[in-house]
Amino acid sequence: MTDWMMIKPVVLWSDSLIFLLALLLILFFVHMARNPVARMRWRTVFASPTGMGAFLVILFYILVALLDSIHFRQPLEQSDASSDVHYSQQVDSVLDLIIGDLRGKDEKTYSAPFAIYSFAKETRTLDDGSIVRDFPRLEHAGVHLSDPAEHWHDIRNRTLEALLIGLAISAALVLLHWQWRNRCDAVACGPRKEYLPWKTIYGTLAFLVFATVWVLKLGGLYHILGTNMVGQDTLYQAIKGIRTGVLIGTLATILTMPLAIVLGICAGYFRGRVDDLVQYVYTTLSSIPGILLIAASILLIDVYIETHPEQFALTVERADFRFLALCFILGMTSWTGLCRLLRAETLKVSQLDYVQAARAFGVPHWRILASHILPNITHLILISLVLDFSGFVLAEAILSYIGVGVDPTMASWGNMINDARAELSRDPVIWWSVSAAFLLMFGLVLAANLFSDRVRDAFDPRAANKA
Amino acid sequence: MISYIIRRLLYAVPILIGVNLLTFALFFMVNTPDQMARVQLGDKHMDAKAIEAWKAERGYDKPLFMNEREDSEGLLTDTIFFDKSVRLFALDFGKSDEGRAIIEDIQQRMWPSLAVALPSFILGILVNISLALFVVMFRGSLFDTGAMVACVAMMSISGVFYVFAGQFFFAKMWHLVPVSGYVPGADAWRFLILPVVIGVISGIGSGVRLYRTLFLEEASKDYVRTARAKGVSELGVLFRHVLPNGMIPILTSVVVVIPSLFMGSLLVESFFGIPGLGSYTLDAIQAQDFAIVRCMVFLGSVLYILGLLLTDISYTLVDPRVRLS
């Protein structure tokens, strides 16, 4: 049994960044919620069932990513009585503890989803000395079954069981919430949130709870989505890919957003030389084909990593460095669009009468920028934040396929899809690995797209006029 | 008009110089040729002599900016900067790290790229415009909502998925077309169908959605309402008024990619084994051939700037109110 006092936390750069980011986002939302206009707009976003459902799904993905971002190393079994503890080279996360049942049950090679027999034939010697060539039983799937014929029966039963548990938990949550709402009515604690689509909220939550329970219940007994070439559980790989997907979507936008905001506003506000310079910089950067710039930069990062091995003690740290570099470069190729937008909007806003008046009164530039210009362009920043997110998640898959994405040792959907090139040309086709990656990616991107649609409708004044 | 074009071309020069300096800094100053050589040669044959030989063979053994050993003539020209960067402006791409002339490769591989990219581009626009117009015909109905949901779903699917699915169904299951490959000449069409179809399908989601918005914007304008009030039929309104005027923003927005069609698509070409510029670039990336990647970055920027120029010119052609200045 692991002694929990002995674990050694590992803080990767991307871990600290994502938690900092989560904090900043919460502060940002709290700040926006105090503004009555912004609050009204958020209300229209969350009042629509698609917007709310998509938001909950994204929140679930983010939660998984955050859980997967608390890393530590477990101590190894001590062989002698010496006082110094040796730590495992493997870095675990809190998520690994929760879905630990899925891990460490490696088979020899491929196996189909829910299979209890291996995918490849093997020559075995039986007890009586005869040699047969057949599909051996898997070592970790369905071992609790006494009779292999009960296989599908068992899965159906356990699914029903998971469904019941899921329903029970969701029902308990809903009841608790009702209770709370009724009590709130009695003691009058603020306005009731009647505008929220509660049916959608309950439905989405119930689905997410059921999915979690189902994975936890069946994941330990079977390989729900099969295993990959070296016998690792595909579902586990795909779930670990969530962190990469979510992080790349958020970090890539946010790492370069300050650059876009500062340069865009300065160009639009000060004009003249500053404007010329900023325009020159972003035209130059955007004229380089994005994918080539990324490829070139990642090649250089690789060279750097290879020539400075002393800076990266753990494989994870090396992968993390490359990952952050990738996020930064992805951001570099896309900040120009936001910068252009902000510049144009600032040009317009700084012509408004009250900005002119503030200037005439001699209000310092930084105060005009902070209190008059910035609040008027926040919606553009927000819209581009949610719009870019899905694009980056999709880009990761393509970049990893080209070989300039995240480190091959890092769990990511792109790497899974990359492996699928060989798997899909086999006969019979090995479809589950790539499907798992596509499925989880599709869920995240679809939710992000739906949510960003709602946000854009609510915050874009032009879209509002059209309706 | 001509003076405008000349001025714009002159304006492109500082941008290209910027691109050039940036790539130069990336490729030679962040990472020295020594490090490149070390990565290229691998651990096996790594010694000082091998590195020097590798560098000399490819002309990386010169100083970066100033060659002080040379007299006044070679002071600036006999350097890496002049050889590898300044010469790009004359479209003198030099040799790849493997020793082949890059310009010949480009001339040869440009045509397969165009053969895929041009039909995908034209067919894509035609399909997207017709689908968008069809959706606009039923605007506000349940069909419209359903079509938009389908578009968002199609946008959310990774492009790689379309390629896998297309190859699996059309090539492996139904044996309609070869999985991948290419032959030059008239027989090429068999190999081109699948990449073009996949290219078109993967663009439908975002394309139809965007074009629908543009058409709807046009359809809500006063002159369209007037036409309808005068008794023009709904179809007549769509095809006589909305379509031609809605085409203006569509066409001007796609002009920018036309020059870049020469570069081909990295993804499609590598999946379908088409020997175009896209797969050329990809091979260079994977083989870490920095010389080729550098040239492609420069070429890509030139084509993009050309696209911007074409966009501005196309604005004046379709809308006489826009004056170039």
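Per-chain numbering applies: the sequence of each chain, read as written, is numbered from 1 onward. Written order decides the labels, with chains lettered from A and ligands numbered from 1. Per-residue local features of the predicted model are confined to residues with pLDDT of at least 70, and side-chain atom pairs are confined, for both listing and counting, to 80 or more; whole-chain, interface and lining totals are unaffected and use all residues. Each side-chain value is derived from all of the structure's non-hydrogen atoms; neither hydrogens nor water enter the calculation.

- As annotated in an unreviewed UniProt entry, chain B is ABC transporter permease from Parathalassolituus penaei.
- UniProt positions are given in the numbering used here, feature names are shortened, and annotations may be inferred rather than shown by experiment. The heading Sequence similarities (unreviewed entry) in the UniProt record of chain B holds the text "Belongs to the binding-protein-dependent transport system permease family."
- The record in UniProt for chain B states the following under Subcellular location (unreviewed entry): "Cell membrane".

- Within an unreviewed UniProt entry, the label attached to chain A reads ABC transporter permease, and the organism entered is Parathalassolituus penaei.
- The record held by UniProt for chain A lists under Sequence similarities (unreviewed entry) the comment "Belongs to the binding-protein-dependent transport system permease family."
- According to the UniProt record, the Subcellular location (unreviewed entry) comment for chain A is "Cell membrane".

1. Points about the domain arrangement of chain B
Residue and element names in this part refer to chain B.
1) Next: Source of the domain bounds: an automatic or database domain assignment. What the domain assignment reports for chain B is domain 1 (2–90) and domain 2 (111–318).
2) Next: By salt bridge we mean one thing: a side-chain nitrogen of Lys or Arg within 4 Å of a carboxyl oxygen of Asp or Glu. Here domain 1 is connected to domain 2 by 1 salt bridge.
3) Next: The salt bridge partner of arginine 8 is aspartate 312, with a shortest N-O separation of 2.2 Å.
4) Next: Here a polar contact is taken to be a pair of N or O atoms separated by no more than 3.5 Å, where protein atoms must pair a possible hydrogen donor with a possible acceptor and residues adjacent in sequence count only if both atoms sit in side chains. Viewed at the interface, domain 2 and domain 1 are joined by 2 residue pairs in polar contact (both at pLDDT 80 or more).

2. A word on the environment of A:Leu300
All names here are of chain A.
1) Next: Secondary structure elements are taken from DSSP: a helix is a run of H or I of four residues or more, a strand is a run of E of two residues or more, and numbering for both begins at the N terminus. For leucine 300, the position within the fold is in helix α9 (residues 290–307).
2) Next: Burial status follows relative accessibility: with a 1.4 Å probe on protein chains alone, a residue under 20% of its type maximum counts as buried, one over 50% as exposed, and anything between as partly exposed. Taking the relative accessible area as the measure of exposure, leucine 300 reaches 4% and is therefore buried.
3) Next: In sequence terms leucine 300 and glutamate 150 are 150 residues apart; their C-alpha atoms lie 55 Å from each other.

3. A closer look at the interface of chain A and chain B
How big an interface is tends to be stated in terms of the accessible area lost upon association of its parts.
1) Next: Whether two residues are in contact is decided by their heavy atoms, any of which lying within 4.5 Å being enough. Tallying the contact residues gives 46 residues for chain A and 42 residues for chain B.
2) Next: The term buried area refers to how much accessible surface (probe radius 1.4 Å) is lost by two components on association, counted for both of them together. The contact between chain A and chain B buries some 3800 Å² in all, and 75% of this surface belongs to carbon and sulfur atoms.
3) Next: It is A:Leu292, A:Leu299 and A:Leu300 in chain A that bury the most area against chain B; as a group they hold 16% of the surface buried on that side.
4) Next: At the junction of chain A and chain B, the tally comes to 1 salt bridge.
5) Next: For A:Asp453, the salt bridge goes to B:Arg209, with nearest N and O atoms at 2.7 Å.
6) Next: At the junction of chain A with chain B, the criterion picks out 5 residue pairs in polar contact (both at pLDDT 80 or more).
7) Next: Of all the elements in the fold, those that place two or more residues in the side of chain A that touches chain B are α8 (272–287), α9, α12 (365–402), α13 (413–424) and α14 (432–459) of chain A.
8) Next: Per element, the largest residue contribution to the side of chain A that touches chain B is 13 residues, and it comes from α9(A).
9) Next: When residue character is reported, Ala, Val, Leu, Ile, Met, Phe, Trp, Tyr, Cys and Pro are called nonpolar, Asp, Glu, Lys and Arg charged, and the others, Gly included, polar. Partitioning the side of chain A that touches chain B into residue classes produces 30 nonpolar, 9 polar and 7 charged.

4. Some remarks on the UniProt feature "domain: ABC transmembrane type-1" (unreviewed entry) in chain B
1) Next: Those residues carrying the UniProt feature "domain: ABC transmembrane type-1" (unreviewed entry) are residues 110–314 of chain B in this numbering.
2) Next: With 78% helix and 0% strand, the stretch residues 110–314 of chain B has end C-alpha atoms that lie 25 Å from each other.

5. Regarding the pattern of salt bridges
Residues and elements named next belong to chain A.
1) Next: As enumerated under the stated definition, the model contains 17 salt bridges over all chains in all.
2) Next: When the shortest N-O distance is used, the salt bridge between lysine 240 and aspartate 68 registers 2.9 Å. Here aspartate 68 lies in the loop between α3 (49–67) and β2 (71–75) and lysine 240 lies in helix α7 (residues 234–270), a separation of 172 residues in the sequence. In this structure, lysine 240 and aspartate 68 share a single accessibility class: buried.
3) Next: Here lysine 240 and aspartate 96 are joined by a salt bridge, their closest N and O atoms 3.1 Å apart. You can see lysine 240 sitting in helix α7 and its partner aspartate 96 sitting in helix α4 (residues 94–98), a full 144 residues away along the chain. There is no split in this pair, since lysine 240 and aspartate 96 are both buried.
4) Next: In this structure, a network of salt bridges that share partners links the residues Asp68, Asp96 and Lys240.

6. Regarding the UniProt feature "transmembrane region" (unreviewed entry) in chain B
1) Next: Using the residue numbers shown here, the UniProt feature "transmembrane region" (unreviewed entry) corresponds to residues 9–30, 114–136, 148–171, 191–211, 248–271 and 291–318 of chain B.
2) Next: In residues 114–136 of chain B, the share of helix is 100% and the share of strand is 0%. The end C-alpha atoms are 32 Å apart.

7. Structural notes on the packing of aromatic side chains
Residue and element names in this part refer to chain A.
1) Next: In this scheme Phe, Tyr and Trp rings, the latter by its six-membered ring, pair at centre separations within 6.5 Å, and the angle between planes marks the pair as stacked below 30 degrees, edge-to-face above 60, and tilted otherwise. Taken as a whole and assessed by the stated rule, the structure comprises 20 aromatic pairs over all chains.
2) Next: When the ring of tryptophan 42 is compared with that of phenylalanine 46, the centres are 5.7 Å apart and the planes differ by 20 degrees; the resulting orientation is stacked. With tryptophan 42 and phenylalanine 46 both in helix α2 (residues 36–47) and 4 residues apart, this pair spans about one turn of that helix. When sorted by exposure, tryptophan 42 lands in the same class as phenylalanine 46, which is buried.
3) Next: Between the aromatic rings of phenylalanine 46 and phenylalanine 55, the centroid separation amounts to 4.8 Å while the plane-to-plane angle is 70 degrees, which identifies the pairing as edge-to-face.
4) Next: For phenylalanine 46, a relative accessible area of 17% gives the class buried.

8. Comments concerning a nonpolar patch on the surface
1) Next: On the surface, a cluster of nonpolar side chains totalling about 820 Å² of accessible area is made up of B:Met1, B:Ile2, B:Ile6, B:Leu10, B:Val13, B:Ile17, B:Leu21, B:Val86 and B:Phe89.
2) Next: Tracing the backbone through its elements, the reader meets B:Phe89 in the loop between α5 (80–85) and α6 (102–137). To count toward a patch, a residue needs a relative accessible area above 30% and no salt bridge. Like charges then connect within 9 Å, nonpolar side chains (Val, Leu, Ile, Met, Phe, Trp, Tyr) within 5 Å. Using a 1.4 Å probe, the Shrake-Rupley method yields the accessible areas, and only the shown protein chains count as cover for residues.

9. Side note on the sheet that holds strand β1 (residues 8–10) of chain A
Residue and element names in this part refer to chain A.
1) Next: A pair of strands counts as paired when DSSP detects no fewer than two bridges linking them. Strand order in the open sheet formed by 3 strands is β1-β2-β3, and the pairing between neighbours is antiparallel. Whereas interior strands pair on both sides, the edge strands pair on one side only; in this sheet they are β1 and β3 (87–93). Taken over all neighbouring pairs, the strand axes of this sheet differ in orientation by 35 degrees on average, direction set aside.
2) Next: Note that β1 and β2 share 3 bridges and pair antiparallel. The residue of β2 that forms the bridge with lysine 8 is arginine 73. Axis lines are fitted to C-alpha atoms, over the contacting stretch for helices. Their N-to-C directions set the angle, which ranges from 0 to 180 degrees.

10. Some details on the side chain of A:Thr253
All names here are of chain A.
1) Next: Its place among the elements puts threonine 253 in helix α7.
2) Next: Under the relative-accessibility criterion, threonine 253 is labelled buried at 5%.
3) Next: Discounting chain neighbours no more than four positions away, the residues touching threonine 253 are Ser384, Leu385, Asp388 and Phe392.

11. As for the UniProt feature "domain: ABC transmembrane type-1" (unreviewed entry) in chain A
1) Next: The UniProt feature table records "domain: ABC transmembrane type-1" (unreviewed entry) at residues 242–452 of chain A.
2) Next: Helix and strand shares over residues 242–452 of chain A are 84% and 0% respectively, and the end C-alpha atoms of the span are 19 Å apart.

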